[in-house]
Amino acid sequence: MITVQILFWLALFLVFYTHLGYGILLYTLVKLKELTVKPVKRQLPPDKLLPDVTLFITAFNEEDVVDEKMHNCLKLDYPKDKLHIVWTTDGSNDSTNERLKAWPQATVHFQPLRQGKTAAMTRGMTLVDTPLVVFTDANTMLNREAIREIVLAFEDPGVGCVAGEKRIAVQEKDGAAAGGEGIYWKYESTLKALDARLYSAVGAAGELFAVRRELFTVMEPDTLLDDFILSLRIAMQGYKIAYCTRAYAIESGSADMGEEQKRKVRIAAGGLQSVWRLRELLNPFRYGVLSFQYISHRVLRWSVAPVLLFALLPLNVAILLMGGSPIWYGTILALQVLFYILAMGGYYLSARQIKNKLLFIPYYFLFMNINVMKGVNYLRKMKGTGAWEKAQRTKTESLNQ
């Protein structure tokens, strides 16, 4: 019985630490650090001295958003002669390229063969010669000041990558997919900001991030999370990943939970793939604080935490059957059962397109952890290509800034 109890409390601790405890510890460490170390305030040089920047968009069959994206790009507050808009549209067989012909401000690189986003990004980067490259998705819209804010972050020579903030455009009619995703990203953004204030953000999101061109590294063609792998390999070179909340990308949520599942399973598979490919980063003796942040923020979430979460219920029942304290273990069991009931209630309402934020939170949390388990099977079935089926997004009235 002692062994089962140890397993139970270890599992409970790791699940709590992964999803809440690390955030609490991180906040405490940041406050302690900032008692003695004050942030350095930097300023941009005059416009004529600003660096040239490439706004790099990797797109596959994005005919529905080309015009809106280009309107958004041209409204960005950065000298027009220093902002170069590049689209890499490999494999697109809709009217994406035809629509882009109406925009002479855009440079388009295209080849008929579709090899996946990572391969298209790598090919396109061989044609880029600006010192800074900002990556963004075709279906995300940037705030007007985004490029200036990113360039400002690069004024710190120790910064090799800048992660922008991802925001989900949640509308009143959105269901669990968009609503749950929006809540998740608000919490995730808070963690990223705290990570950056402690030492470095742990990865970047493909909706908006930037790198110094000379630090770009060629990734394996079947890489699922190119943004994450690229940004952390830059961090492993000794540079920091800055997190810029004043540069953000707005994206609509997934159309429904079925579409959201496609995304989460692929991301989970990419997370597991990343843990293996970045295994050197698990060594805290070599990477110090970055290794601690990476394990706490990412590795546990993509590996042991989901398994332990689903092990808690049977372990709890086993302890009670073996004579464990009904006060302690009975209370914890009741809370676990309540959590699953609330999650099932969220699922029930989601299936009927009824919005309830209180129930969407446990449902979405459970949904994410289930899809981490499914990601193992997805990764096993991959056949050496980074090409994947896109999840459909909800339609918004306007994401333009």
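S.K.: Can you walk me through the overall build of the protein in this structure?
M.R.: What the protein contains, in helices and strands, is 12 helices and eight strands. Expressed as a percentage of the 401 residues in the protein, the buried residues total 53%. Roughly 18,700 Å² of accessible area belongs to the protein as shown, and the carbon and sulfur atoms make up 61% of that amount.

S.K.: I would appreciate a short explanation of unusual backbone geometry in the present structure.
M.R.: Negative phi is the rule for most residues except glycine; trans is the rule for most peptide bonds. The phi dihedral of N61 is positive, around 50 degrees, even though this residue is not glycine. Tracing the chain through its elements places N61 in the loop between β1 (53–58) and α2 (66–74).

S.K.: Sorry, what's going on with a nonpolar patch on the surface here?
M.R.: On the surface, a nonpolar cluster with roughly 390 Å² of combined accessible area is contributed by F16, L20, I24 and Y187. Ranked by residue count, the leading element in the nonpolar patch is helix α1 (residues 2–33), at three residues. Secondary-structure assignment places L20 in helix α1.

S.K.: Please clarify how the sheet that holds strand β2 (residues 83–88) should be interpreted in this entry.
M.R.: Note: strands within a sheet are paired through backbone hydrogen bonds, in either parallel or antiparallel orientation. Strand order in the open sheet formed by eight strands is β3-β2-β1-β4-β7-β6-β8-β5, and the pairing between neighbours is mixed. Either end of the sheet is taken by a strand with one partner, and the two such strands are β3 (106–109) and β5 (141–142). As defined by bridge partners, β2 adjoins β3 across four bridges and the pair is classed as parallel. In the strand pairing of β3, T88 is matched with H109. Helix α4 (residues 117–125) contacts β1, β2, β3 and β4 (132–136) of the sheet and is inclined by roughly 150 degrees relative to β1. Sheet strands touched by helix α5 (residues 146–153): β1, β2, β4, β5, β6 (159–169), β7 (208–212) and β8 (240–252). Its angle to β8, the strand with the most contacts, is close to 165 degrees.

S.K.: Explain the layout of surface pockets to me, please; I cannot follow it from the model alone.
M.R.: If a probe as big as a water molecule is rolled over the atoms, it shows which places are left empty. Looking at the second largest pocket, its volume works out to about 970 Å³. Those elements that provide at least two residues to the lining of the second largest pocket are α5, α6 (176–198) and β8. It is β8 that provides the largest number of residues to the lining of the second largest pocket, a total of seven residues. Of the residues assigned to the lining of the second largest pocket, the class counts are 13 nonpolar, three polar and 10 charged.

S.K.: Is there a simple way to think about the nonpolar core in this case?
M.R.: Grouped burial of nonpolar side chains is what soluble globular proteins tend to show. Counting residues in hydrophobic clusters, the biggest one holds 35 residues, and the most contacted among them are F56, M125, F135, V211, L230, L232 and Y294. Of all elements in the fold, only α4, β4, β6, β7, α7 (226–235), β8 and α9 (284–302) reach the threshold of two or more residues within this core. Ranked by residue count, the leading element in this core is α7, at six residues. Ignoring any residue separated from it by four or fewer positions in sequence, one finds F135 in contact with F56, M121, M125, G206, E207, L208, F209, V211, F216 and L230. Counting 34 residues, the second largest nonpolar core, distinct from the first, contains L50, I85, A210 and A242.

S.K.: Just checking my understanding: could you explain the pattern of salt bridges for this structure?
M.R.: Here the idea is simple: oppositely charged side chains can pair when their charged atoms come close. If you walk through the whole model with that rule in mind, you get 20 salt bridges. The partner of D52 in a salt bridge is K82, and the shortest N-O contact between them spans 3.9 Å. Here K82 lies in the loop between α2 and β2 and D52 lies in the loop between α1 and β1, a separation of 30 residues in the sequence. Residue K82 is classed as buried on the basis of its relative accessible area of 13%. In this structure, R277 and E220 form a salt bridge, with 3.9 Å as the shortest nitrogen-oxygen distance. Residue R277 is located in helix α8 (residues 257–277), and its partner E220 is located in the loop between β7 and α7; the two are separated by 57 residues in the primary sequence. Classification of R277 as partly exposed rests on a relative accessible area of 22%. Here E220 falls in the partly exposed class, since its relative accessible area comes to 29%. Linked by salt bridges that have partners in common, D47, D77, R144 and R148 make up one network.

Conventions adopted
- Residues numbered from 1 in each chain as written.
- Predicted model: local features only at pLDDT ≥ 70, side-chain atom pairs only at ≥ 80, totals over all residues.
- Heavy atoms only, no water.
- Helix = DSSP H or I, 4+ residues; strand = E, 2+ residues; numbered from the N terminus.
- Buried < 20%, exposed > 50% of the residue type's maximum accessible area, 1.4 Å probe, protein only.
- Areas by Shrake-Rupley, 256 points an atom, 1.4 Å probe, with all protein chains shown as cover.
- Patch = residues over 30% accessible without salt bridge, like charges linked within 9 Å, V, L, I, M, F, W, Y side chains within 5 Å.
- Salt bridge = Lys/Arg side-chain N within 4 Å of Asp/Glu carboxyl O.
- Pairing = 2+ DSSP bridges.
- Contact = heavy atoms within 4.5 Å.
- Axes fitted to C-alpha atoms, helices over the stretch in contact; angles between N-to-C directions.
- 1 Å grid on protein atoms, 1.4 Å probe; cavity = no way out; pocket = protein on both sides within 12 Å on 5 of 7 lines; lining within 4 Å.
- Points joined across faces, edges and corners; volume = space filled by probe spheres on them.
- Nonpolar A, V, L, I, M, F, W, Y, C, P; charged D, E, K, R; others polar.
- Core = buried A, V, L, I, M, F, W, Y, C linked by side-chain atoms within 4.5 Å.

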